[in-house]
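Structural overview
Okay, here's what each chain looks like letter by letter:
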Amino acid sequence: MRFRRSALAMAVTAGCLVPLAIAAPAAQAEAPDAAASDYSWSNAAISGGGYVPGIIYSRTEPGLVYARTDIGGAYRLDRETDTWVPLLDHVGWDDWNRLGVLSLATDPAEPNRVYVATGMYTNDWDPNNGAILRSDDYGDTWETTPLPFKVGGNMPGRGIGERLQVDPSDNDVLYYGAEQGQGLWRSTDAGASFEKVDAFPNPGDFVPEPGSDNSYLTSNLGVLWTAFDTASTADGEPTATLFTAVADTDDILYRSDDAGATWQPVDGAPTGFLPHHGVIDEASRSLYITTSNTSGPYDGSDGEVWRYGLDDGSWTNITPTQRPVGGDFGFGGLTIDRNDPDTIMVATQIQWWPDILIFRSTDRGATWSPIWDYEYGDDGSATMARRYEQSIDGVPWLSFGKDVGEPVAWAEPTPKLGWMTSALEIDPFDSDELMYGTGATIYRTEDLTAWDEPDGVIHITPEAYGIEETAIQELVAPAGEVDLVSAMLDLGGFVHSDIATVPQSFRDPYFGGGTSVDVAARASNVVVRAGTDGSGAHVVAASSDSGSTWTTSPAADGASGPGTVTVNADGSAIVWAPAGAAVRVSADGGATWTESNGLAAGARVESDRVSPERVYGFAGGVFYRSEDAGLSFQAVSEGTLPAEGPARFQAMPGAIGDVWLAGGEDDGAYGLWRSRDGGTTWTAVPGFDEADTIGFGKAAPGATAPAIYTAASRDGQRGVYRSIDGGASWQRINDDAHEWGWIGADITGDPDEFGRVYIATNGRGIVVGDDDDATPAAWSTRTTYDEGDAVAFDGSVWVASWWTRGEEPGSKRNGAWQEIAATGDGIAIWTASRVFDTGDIVGVDDGLWRAKWWTRGEEPGSKRNGAWEQIE
């Protein structure tokens, strides 16, 4: 995965019949950038979508709990709303790796303090070192301590831990176990600085796959976690007795009895496995450890659970014996009930089929009760005996394309309890609350102690509301009732009829990963998507009912990936460019396909938003255009646009041939370009050092061209930028508290609501921005209006052509006010008061008309040789 890193310009001249000036040509000096609008930021509701390797409760403040994710930052649960609050949205483009959180620690003495160890990869996929971030306001703001090595929040073993720990006896002391042979590190100033503990003898040596050519699999897991035995230490003094675990299957555990000055291996410690989690129970004077034979989180075929006596040094193997399907597994999640320390729970790190197992013991591991098991009748028939009921009604996509049903023996249930279960925690203040993380969500039960009753059943529901951890590939916002359609890795994508409601994912076909999505600009019920189905085939699915039902294409034989797909403006043709295979076109909704001519394999394809005949392609710095709905393409431009690096382009709604392209790379051409002639000639948009995405949304009140959005660097400032005047001026609409790491995949505005923008992120889901100042004020007879001022009047938006006061909008045929309107697809609606100039397109009934010259008040088709020509 690679990370990097038009409107009218209002003018007035003498005489009411003189037209407003059309947006200036590219050669004109650029208008000054506008000040930023006030924006509110949220997410399109998906709820989860990725691995949650850590859930961390405060042991001193009731209700305080955090979650960490591998690529989506850290979160704090808001108990009043029961939603998770993102804490690392300030992470920017250049330090994108800090959305990978390898460990999180909450201060047991001052619970307002919280720390995270951040970094994404320890191999060359990530050019940046890691950092420890520290906060004294529950994660609302942060300070940074850079580390001299990398941190792997998305590397093997990321569910082990917690590597970062605060000393409960002296909360200015923190320990951090590093990867890659960097050893154990310590802070004595509340995380402001860290120094290596040189006395610690073992930096670890476990590598998931020694000798592999994949550097992701040859990373040394290093030092894993630290636990504190505070019994003999006075408050205010560093804890004397420490236990630190290491990724070394021969020597997994070390002990210090002098606050880390010296260390010794713990005698009798189990061998052959990795110590995934360790928890000290002060009441029983025990250290519990779960182990697995691999790093996880995707694997683990053997493991054990052990109890170590802190005072007598004894080791007791307390591994649960139940194996319902006969196979073995490693152990990950581990927790104890702080209100009833006889009660402990462990979870399998992984058991792909049929499901994970969670075990509960109320006698410190002497006996165990599994969350499910098989019972056999006298005739040998098996039934499912379970201690749980599970509902995913609030997050229906957790069925992963299957129908929900009651679990039965010897079958994979829908929904599953989970997989990759590294995080398993009982609330230290509430024995009935347990949360655990999976590869897709957090689950919670609030009646956990019912497990201990005869035939008791606990109730499990998703608890990831607010956690948005998906990697978005492409977005499109149709006009009309559907808010948003997305393509994303892992989950495939969604049709959001309401962005505030968690939807079902794409089904029939279900995609394990989606790469591209498009909607017909003038037939928004027609949706197409490209992805990989459950069998691994690269296919396209097409819908003519806004995603309710789908037609699936034949697989793209020989393709290396699903590539990109587009549907032309009226929905009559689909063009698909699968990766590594020939471009093809379908005229029957995706049932059959014909190979297209002239376009390079692997090109990105997009459609004109007005003309059904026009489809565009781009590959290797060459821009292509089709005039026959994708049957054939011709190269129309070469040499101006970036030949290297990723690129995105879109045609502007409401205009034919107005195309914008963003992309490139650091060492070559990199920026934002515009073509007004369908890609034949291009002009760089001034001021952009870099640009990565481009999208359009509903025009601002009174504007005659769509709002334009881009994730870019402008005059050295990275951000999300918007133009409401056809690109003449730009404003940064996000701020330093809202940057979301790498956001170079896609962006689009909403065609029905001015100011709303959707941003694709790599781990923070679909970010939604709303302009708090989007609604124009109502017209007032007492207000003086200047040129360009917009008002609301009688259900319409009107814009002043020149200075005016007291003139009611629409009261004069050639007065100061123009009524500005457009359909959801961006095509202008003809109004008698509006000025149209040469080339402007309007929709009248079912036809399209283009202005041959300046006109105002002449209805299209009303004059045989008038200002309008019908083009469709």
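Residues numbered from 1 in each chain as written. Predicted model: local features only at pLDDT ≥ 70, side-chain atom pairs only at ≥ 80, totals over all residues. Heavy atoms only, no water.

1. Some details on the overall build of the protein chain
To keep things clear, this is the line we draw: The secondary structure listing takes helices from DSSP runs of H or I that are at least 4 residues long and strands from runs of E that are at least 2 residues long, numbered from the N terminus. Only C-alpha atoms enter the radius of gyration, while the globule expectation follows 2.2 Å times N to the 0.38, with N the number of residues. A 1.4 Å probe rolled over the protein chains alone gives each residue an accessible area, and that area as a share of the maximum for its type sets the label: buried under 20%, exposed over 50%, partly exposed in between. To measure how exposed things are, a 1.4 Å probe is used in the Shrake-Rupley method; for residues, cover is taken only from the protein chains shown. Charge counting follows a simple rule: Lys and Arg are positive, Asp and Glu are negative, and His as well as the terminal groups are ignored. For charged residues, the charge sits on one atom: NZ in Lys, CZ in Arg, CG in Asp, CD in Glu.
Along the backbone of the protein chain there are 0 helices and 70 strands. Taken against the 2.2 N^0.38 rule, which gives 29 Å for 872 residues, the C-alpha radius of gyration of the protein chain at 30 Å falls within 12% of a compact globule. In terms of its C-alpha atoms, the protein chain occupies a principal-axis envelope of roughly 100 × 65 × 50 Å. Counting every position in the protein chain, which comprises 872 residues, the buried fraction comes to 60%. When the accessible surface of the protein chain is split by element, carbon and sulfur atoms take 46% of a total near 31,100 Å². Between the mean site of the 55 positive side-chain charges and the mean site of the 131 negative ones, the protein chain shows a separation of 7 Å.

2. Overview of empty space enclosed by the protein
Worth spelling out the cut-off: Using protein atoms alone on a 1 Å grid, points that fit a 1.4 Å probe yet trap it form a cavity, whereas open point sets bounded by protein on both sides within 12 Å along at least five of seven lines form a pocket; residues with an atom within 4 Å of a point count as lining. Grid points are joined across faces, edges and corners, and a volume is the space filled by probe spheres set on the points. Amino acid classes used here: Ala, Val, Leu, Ile, Met, Phe, Trp, Tyr, Cys and Pro are nonpolar; Asp, Glu, Lys and Arg are charged; the rest, including Gly, are polar.
Estimates place the volume of the largest cavity at around 70 Å³. Lining the largest cavity, in full, are G92, W93, A711, A712, R718, G719, N734, E739, G741 and I743. Looking at the lining of the largest cavity, the elements that each hand over two or more residues are β54 (707–714) and β55 (717–723). Grouping the constituent residues of the lining of the largest cavity by class yields 4 nonpolar, 4 polar and 2 charged.

3. Brief notes about the sheet that holds strand β35 (residues 495–496)
Going by this rule: When DSSP finds two or more bridges between two strands, those strands count as paired.
Spatial strand order, β33-β34-β35: 3 strands in an open sheet with antiparallel pairing. The sheet terminates laterally at β33 (472–476) and β35, the two strands that pair on one side only. Where β33 and strand β34 (residues 484–488) come together, 4 bridges link them in antiparallel fashion. In the sheet register, V476 faces β34, and the bridge partner there is V485.

4. Points about the sheet that holds strand β59 (residues 766–771)
Formally: The convention used is that axes are lines fitted to C-alpha atoms, helices contributing only their stretch in contact, and that angles between N-to-C directions extend from 0 to 180 degrees.
An order of β1-β59-β58-β57 is seen for the 4 strands of this open sheet, with the pairing classed as antiparallel. The sheet is open, and its two borders are formed by β1 (39–43) and β57 (747–749), each paired with just one other strand. Neighbour to neighbour, the strand axes of the sheet diverge by 20 degrees on average, direction disregarded. With 5 bridges connecting them, β1 and β59 associate as antiparallel partners. Note on β59: the bridge partner recorded for Y39 is D771.

5. Quick word on a nonpolar patch on the surface
Selection rule: For patch detection, residues must exceed 30% relative accessible area and be free of salt bridges, and they are connected within 9 Å for like charges or within 5 Å for nonpolar side chains (Val, Leu, Ile, Met, Phe, Trp, Tyr). A side-chain nitrogen of Lys or Arg and a carboxyl oxygen of Asp or Glu constitute a salt bridge if their distance falls within 4 Å.
On the surface, a nonpolar cluster with roughly 600 Å² of combined accessible area is contributed by Y298, W352, W353, Y376 and W410. Secondary-structure assignment places W352 in the loop between β23 (344–348) and β24 (358–361). The exposure class assigned to W352 is partly exposed, which follows from its relative accessible area of 42%.

6. Considering the environment of T501
Selection rule: Only heavy atoms matter for contacts: two residues are in contact if any of them lie within 4.5 Å across the pair.
Along the chain, T501 falls in the loop between β35 and β36 (511–520). When its relative accessible area of 43% is taken as the criterion, T501 is described as partly exposed. Sequence-wise, T501 and T784 are 283 residues apart; in three dimensions their C-alpha atoms are separated by 43 Å. Setting aside residues up to four positions removed in sequence, T501 forms contacts with A45 and H496.

7. Describing the confidence of the model for the protein chain
Detail in the predicted coordinates should be disregarded across regions flagged by low pLDDT. Convention followed: Across the chain, each position has a pLDDT score giving the predictor's confidence in that residue, from 0 to 100.
In the predicted model, the protein chain carries a mean pLDDT of 94, and the fraction of residues at 70 or more is 96%. The low-confidence segment residues 1–29, where pLDDT is below 50, has 72 contacts with residues more than four positions distant or belonging to other chains.

8. Structural notes on the environment of S796
Here S796 is to be found in strand β62 (residues 796–800). Note: C-alpha distance between S796 and V540 (256 residues apart in sequence) is 40 Å. With residues up to four places along the chain from it excluded, the contact list for S796 reads V791 and E819.

9. Remarks on the pattern of salt bridges
Here the idea is simple: oppositely charged side chains can pair when their charged atoms come close. Throughout the structure, instances matching the rule amount to 43 salt bridges. Residues R285 and D229 are paired through a salt bridge, measuring 2.8 Å at the closest nitrogen-oxygen approach. Of the two residues, R285 is situated in the loop between β18 (274–281) and β19 (286–292) and D229 in strand β14 (residues 223–229); the sequence distance between them amounts to 56 residues. In terms of burial, R285 and D229 fall into one category: buried. A salt bridge links R604 to E474; the nearest nitrogen and oxygen atoms lie 3.1 Å apart. Taken together, the residues R604 in strand β44 (residues 604–607) and E474 in strand β33 connect sequence positions 130 residues apart. We note that R604, like E474, is buried. Salt bridges sharing common partners tie together R79, D82, D427, E433, R444, E446 and E463.

10. Let's talk about unusual backbone geometry
Here the residue pair G161 and E162 is connected by a cis peptide bond, since its omega of 15 degrees sits within 30 degrees of zero. Turning to its location among the elements, E162 is positioned in the loop between β9 (143–146) and β10 (164–166). P415 follows T414 through a cis peptide bond whose omega is 5 degrees. With respect to the element layout, P415 can be found in the loop between β28 (388–390) and β29 (424–426). If you check the backbone angles, Y138 has positive phi at about 65 degrees while not being a glycine.

11. Some details on the nonpolar core
This is how the line gets drawn: Side-chain atoms within 4.5 Å are what join buried Ala, Val, Leu, Ile, Met, Phe, Trp, Tyr and Cys residues into a set we call a nonpolar core.
Core analysis: the biggest nonpolar cluster contains 102 residues, and I358, I371, W397, Y436 and I759 have the highest contact counts within it. Counting residues in each nonpolar core, the second largest holds 21 residues, with L224, A227, F243 and Y308 among its members.

12. Re the packing of aromatic side chains
Note the following rule: Note on aromatic pairs: the rings of Phe, Tyr and Trp (six-membered ring only in Trp) are paired at centre separations within 6.5 Å, and the planes decide the class, stacked below 30 degrees, edge-to-face beyond 60, tilted for the rest. Geometrically, a charge over a ring is one whose NZ (Lys) or CZ (Arg) sits within 6 Å of the ring centre while staying within 35 degrees of the ring normal.
The final tally for this structure, using the stated rule, is 37 aromatic pairs. Above the ring of F688, the side-chain terminus of R714 is found at 4.7 Å from the ring centroid. The cationic tip of R718 hangs over the ring face of W93; the distance from NZ or CZ to the ring centre is 3.6 Å.

13. Some thoughts on the side chain of S713
Locating S713 in the fold gives a position in strand β54. When neighbours within four sequence positions are excluded, S713 is seen to be in contact with G687, F688, D689, E690 and R718.

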